[in-house]
Amino acid sequence: MSERLYIFDTTLRDGEQAAGCQLNRIEKIQLAKALEELGVDVIEAGFPVSSPGDFESVTAISKAVSEPVICALSRAVEGDIDAAAQALRFARRGRIHTGIGTSDMHIRYKFNSTREKILQQAVDAVAYARNLIDDVEFYCEDAGRTDNVYLAQVVEAVIRAGATVINIPDTTGYCLPEEFGQKIRFLKENVDGIDKVLLSVHCHNDLGMATANTVQAVLNGARQVEVTVNGVGERAGNTALEEIAMIMHNHRELGIDTGIRTRKLFHTSRMVSSLMNMPVQPNKAVVGRNAFAHSSGIHQDGVIKLRETYEILDPRDVGMLDNSLVLTARSGRAALKKRLLSLGVDLDKDELDLAYDSFLKLADVKMDISDDDILKIAGRSADSQAPVRLDWLKVVSGKGVGHEAEVRLIVNGEAHEAHSAGNGPVDAAIKAVKMIIQRKMTIREFLIQAMDKGSDDTGKVHMQVEYEKCLYYGFAANTDIVTAAVEAFVNAVNKFYK
């Protein structure tokens, strides 16, 4: 019988610490739902005390997803712990993740303290957190460079104080795999009560050993791994979720199961890449575009005869196509349907027809059709039955001519048109939509982000609309940013319009 390895995903916390990878609240909710579908056990949603935005994101994610444990980070400080508990108040299953540095380097130079004082602060933090929540994870920051005997003393003390999960991070990515595995084994053999808690590891990739160190930890008794999609994270990143999932998937002889729905890995990888504006390197293990590409004639010959000669993974197991299908304006419905299926989207005939029409229009103006484009097209076809739909939009805008917009909406099957002027093309178009809808609505958040690079960019728009003191979220993507803005507004309107 297989043992369970719990997947703790920290893409939304440690992953977002990567330079240039910040997400807004809407994007965090979108990603949290994808992680739930992927099958992760724990989502570390943020560091609530660090900013009002992080606090609100943890709260929103706690409301948006129900299956995974929602975890909030804190330092071993009462104010941090209070903020984490408050942010988690709506979580069906919440966990506070508190801790402190335990290496002599951190104790002396970061805290200007002593081993004895740090141990007491750790115990006090765990005891305080347990008064607020039942599930408390304690991290020993820089455990990779912490003396094993002292590390064992800290771990034993916080277990007695009520910690339910113990996290042993290789914070700087320093350890060699064998060394890190031995550290986990030492704790398993020398800490009273270690069998009563879940032992976790959190490895960084500064020397390219994050995955190897994580695997060695699992082989020596760790049963929770802290990972990120695509290995994103501070500095050189973290252990990649997809690598651990497929290592365990392929090495069945280990008898360890992650519970990850591996066929959703590729889709989730591309979502993270798009939202964080962090391209996946072509040779990235498991999810890189070259992960299943063969250029050597010898390799090609072998794969044609038997795939397993050079592919230890079946690309379909991670949600990728067997081969590369380049979609252009000359592609047919079958090619579009196959690509959608590979991305986890199964449309019926009518939905496919609508998606195909949108695809042809996009393909006429955009040379490179990405998976993100395809997913947005599928989403728009799914909205085709919504009570309010944008039929057409005409905008006149420019220096010396002003800004005007004409809009035609289909509202519950009836066509309505309106014309308006505004301070810009988007403002004019939104005002025209409001004239038709005739509800008192206020845009509270309006975010534009490019998905690609070039003059045929696809821009995505996130919008937050307030109606009767409630907030509704809208999203759309289009090569025309004015159209994307109007479609995002209409998408939000459909959340409350009857």
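Residues numbered from 1 in each chain as written. Predicted model: local features only at pLDDT ≥ 70, side-chain atom pairs only at ≥ 80, totals over all residues. Heavy atoms only, no water.

**Student:** Before we move on, can you summarise the confidence of the model for the protein chain with the specific residues and values?
**Tutor:** Across the protein chain, the average pLDDT comes to 87, with 88% of residues at or above 70. When the criterion is pLDDT under 50, residues 294-304 qualifies, and its contacts beyond four places in sequence or with other chains add up to 12 contacts. (pLDDT = per-residue confidence, 0-100. Contact = heavy atoms within 4.5 Å.)

**Student:** Before we move on, can you summarise the side chain of E156 with the specific residues and values?
**Tutor:** Summarising the element assignment, E156 is placed in helix α6 (residues 148-161). Reaching out from E156, the side chain makes a polar contact with the backbone nitrogen of D192 at a distance of 3.1 Å. If near-sequence neighbours (up to four positions away) are discounted, E156 is found in contact with N190, V191 and D192. (Helix = DSSP H or I, 4+ residues; strand = E, 2+ residues; numbered from the N terminus. Polar contact = N/O pair within 3.5 Å; in protein donor to acceptor, adjacent residues only side chain to side chain.)

**Student:** Explain the nonpolar core residue by residue, including any values.
**Tutor:** Counting residues in each nonpolar core, the largest one holds 92 residues, and the members touching the most others are F138, V155, I166, I168 and L241. Apart from the residues within four sequence positions on either side, I166 is in contact with F138, V155, V158, I159, V197, L198, L199 and S200. Formed by 29 residues, the second largest nonpolar core is a distinct cluster that contains V407, A418, M441 and A492. (Core = buried A, V, L, I, M, F, W, Y, C linked by side-chain atoms within 4.5 Å. Buried < 20%, exposed > 50% of the residue type's maximum accessible area, 1.4 Å probe, protein only.)

**Student:** Residues and numbers for helix α16 (residues 481-493), please.
**Tutor:** Between its first and last C-alpha, α16 extends 18 Å over 13 residues, near the 18 Å set by a 1.5 Å rise per residue. Here α16 lies mainly inside the structure; 12 of its 13 residues are buried. Regarding α16, the residues found buried are V482, T483, A484, A485, V486, E487, A488, F489, V490, N491, A492 and V493. (Expected span 1.5 Å × (residues − 1).)

**Student:** Give me the lowdown on the sheet that holds strand β12 (residues 402-411), citing residues and values where you can.
**Tutor:** Pairing within the open sheet is antiparallel, and its 3 strands lie in the order β11-β12-β13. Two strands bound the open sheet, and with one partner strand each, they are β11 (388-398) and β13 (414-421). Pairwise comparison of adjacent strand axes, ignoring direction, gives a mean angle of 10 degrees for this sheet. Of the strand pairs in this sheet, β11 and β12 are connected by 10 bridges, and their pairing is antiparallel. Residue pairing in the sheet places V396 in a bridge with E404 of β12. Sitting on the sheet, α16 is in contact with β11 and β12, with an inclination near 145 degrees to β11. (Pairing = 2+ DSSP bridges. Axes fitted to C-alpha atoms, helices over the stretch in contact; angles between N-to-C directions.)

**Student:** Please provide a residue-by-residue account of the pairing of β13, values included.
**Tutor:** Examined bridge by bridge, β12 and β13 share 8 bridges and lie antiparallel to one another. Paired with I410 across the bridge in β13 is A415. Joining the antiparallel neighbours β12 and β13 is a turn of 2 residues, in which N412 adopts a positive phi near 50 degrees.

**Student:** Outline the pattern of salt bridges, listing residues and values.
**Tutor:** Tallying each qualifying case throughout the model produces 25 salt bridges. Close ionic contact of R95 with D135 constitutes a salt bridge, the shortest N to O distance being 2.9 Å. Taken together, the positions of R95 in strand β5 (residues 94-101) and D135 in the loop between α5 (115-130) and β6 (136-141) put the pair 40 residues apart, joining distant regions of the chain. On the basis of relative accessibility, which here comes to 5%, the residue R95 falls in the buried class. Overall, the relative accessible area of 17% leaves D135 in the buried class. Across the pair R145 and D142 runs a salt bridge whose closest N-O atoms are separated by 3.1 Å. When its relative accessible area of 32% is taken as the criterion, R145 is described as partly exposed. Salt bridges sharing common partners tie together R13, D14 and E44. (Salt bridge = Lys/Arg side-chain N within 4 Å of Asp/Glu carboxyl O.)

**Student:** Requested: an account of the packing of helix α3 (residues 78-87) against α5, with residues and values cited.
**Tutor:** At a minimum axis distance of 10 Å, the contact between α3 and α5 shows a crossing angle of 30 degrees. One finds that α3 runs roughly parallel with respect to α5. Judged by the sense of rotation from one axis to the other, the crossing of α3 with α5 is right-handed. Touching E78, I81 and D82 of α3 are A125, Y128 and A129, all from α5. (Parallel < 35°, antiparallel > 145°, perpendicular 65-115°, else oblique. Left-handed = near helix turned anticlockwise from the far one by under 90°.)

**Student:** Help me get a handle on the environment of L38, residues and values and all.
**Tutor:** Note that L38 resides in helix α1 (residues 25-38). Distance in space between the C-alpha atoms of L38 and K264 is 5.9 Å, their sequence separation being 226 residues. Non-local contacts of L38, meaning those with residues more than four positions away in its chain, are made with L241, G259, I260, R261, K264, L265 and T268.

**Student:** Please set out a nonpolar patch on the surface residue by residue, giving values where relevant.
**Tutor:** A surface patch of nonpolar side chains, about 310 Å² in accessible area, is lined by I443, F446, I448 and I481. In terms of residues, the nonpolar patch owes the most to one element, strand β14 (residues 441-450), which gives 3 residues. Inspection of the secondary structure puts F446 in strand β14. On the basis of relative accessible area, F446 is assigned to the partly exposed category, the value being 35%. (Patch = residues over 30% accessible without salt bridge, like charges linked within 9 Å, V, L, I, M, F, W, Y side chains within 5 Å. Areas by Shrake-Rupley, 256 points an atom, 1.4 Å probe, with all protein chains shown as cover.)

**Student:** Account for unusual backbone geometry, naming residues and giving values.
**Tutor:** With a phi close to 60 degrees, D142 is a non-glycine residue in the positive phi region. The topology assignment puts D142 in the loop between β6 and α6. Look at R235: it is not a glycine, yet its phi comes out positive at around 55 degrees. On the secondary structure map, R235 appears in the loop between β9 (224-227) and α9 (241-250). Of the residues examined, R235 reaches a relative accessible area of 49% and is grouped as partly exposed.

**Student:** Got a sec to walk through the state of the cysteines? Specific residues and values, please.
**Tutor:** Going through the model one piece at a time under the given rule, you end up with 0 disulfides. Here C203 stays unpaired: no disulfide links it, and the sulfur of C175, its closest cysteine neighbor, is 7.9 Å away. (Disulfide = S-S within 2.5 Å.)

**Student:** Go over the sheet that holds β5, please, and point to the residues and values.
**Tutor:** On the basis of which strands lie adjacent, the closed barrel formed by 8 strands has the order β2-β3-β4-β5-β6-β7-β8-β9 and parallel pairing. Between one strand axis and the next, the sheet turns by 25 degrees as a mean value, whatever way the strands run. Each of β4 (69-75) and β5 touches α3; the most contacted strand, β4, lies at about 160 degrees to it.

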